[in-house]
Amino acid sequence: MKTIEGDLTINNKKFALVAARFNSFVVDHLISGAKELLLKHGADETDIDLLYVPGAFEIPLALKKAAMTGKYDGIVALGAVIRGGTPHFEFVAGECVKGISRVSLESEIPIAFGVLTVDTVEQAIARSGANSENKGAEAAECTIRMINLLEEL
């Protein structure tokens, strides 16, 4: 059996981080985690563009436009949707997930899901901190591995 998987090597790759401004007290940490991971594995600061959108609902459209430019090898979607007392959470989180998935499949560009969908602020903080649980860093790692896997295929 032959195993094919993407490694964490970055050679001349361009990345976009599409980040929601809403819940910036969490998203800023996701951005830092993603950026640090990309730089650690060989990206140059000039290889990373940060694109801000108002909230998680707007992420898929920005992803689509970024993917259509042909400029990026991989894109990382970053945001935080925190459950409140209304059904708003389900609508925003659900449409964000569907949109990200659709853009990734249609564009055939690796797009990682770094959008937190959590019940509490405490959960959001725990998943965005400066530790091994930073979901921004995990999403950036996923993007690198998928770029390299697709190149192998």
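Above: the structure in question.
These figures come from a predicted structure and were not determined experimentally.

Draft legend 1. Region of the structure containing the pattern of salt bridges. This model, assessed by the stated rule, comprises 10 salt bridges. Close ionic contact of Arg83 with Glu90 constitutes a salt bridge, the shortest N to O distance being 2.4 Å. Using a relative accessible area of 34% as the deciding quantity, one classes Arg83 as partly exposed. Judged by relative accessible area, which is 40%, Glu90 ranks as partly exposed. The partner of Asp119 in a salt bridge is Arg83, with the nearest N and O atoms 2.6 Å apart. Here Asp119, found in the loop between strand S4 (111–118) and helix H4 (121–126), pairs with Arg83, found in the loop between strand S3 (74–82) and helix H3 (88–107); they are 36 residues apart in sequence, far enough to count as distant. Look at Asp119 and you get partly exposed, because its relative accessible area is 42%. One salt-bridge network, held together by shared partners, links Arg83, Glu90 and Asp119.

Draft legend 2. The side chain of Asn148, seen in detail. Among the structural elements, Asn148 can be located in helix H5 (residues 135–152). Its relative accessible area of 10% is what places Asn148 among the buried residues. Looking at Asn148, its side chain comes within polar contact range of the main-chain oxygen of Thr9, at 2.9 Å. Once residues lying within four places of it in the same chain are set aside, the contact partners of Asn148 are Gly6, Asp7, Leu8 and Thr9.

Draft legend 3. Local environment of H5. A rise of 1.5 Å per residue sets the reference length of H5, with its 18 residues, at 26 Å; its end C-alpha atoms lie 26 Å apart and thus fit the reference within 8%. For H5, the set of buried residues is Gly136, Ala137, Ala139, Ala140, Thr143, Ile144, Ile147, Asn148 and Leu149. Residues of H5 that are buried in the fold lie against strand S1 (15–20), helix H1 (24–40), S3 and S4. A side-chain oxygen of the first residue of H5 lies 2.8 Å from the backbone nitrogen of Gly136; this N-cap is Asn134.

Parameters and conventions
Residues numbered from 1 in each chain as written. Predicted model: local features only at pLDDT ≥ 70, side-chain atom pairs only at ≥ 80, totals over all residues. Heavy atoms only, no water. Salt bridge = Lys/Arg side-chain N within 4 Å of Asp/Glu carboxyl O. Buried < 20%, exposed > 50% of the residue type's maximum accessible area, 1.4 Å probe, protein only. Helix = DSSP H or I, 4+ residues; strand = E, 2+ residues; numbered from the N terminus. Polar contact = N/O pair within 3.5 Å; in protein donor to acceptor, adjacent residues only side chain to side chain. Contact = heavy atoms within 4.5 Å. Expected span 1.5 Å × (residues − 1).

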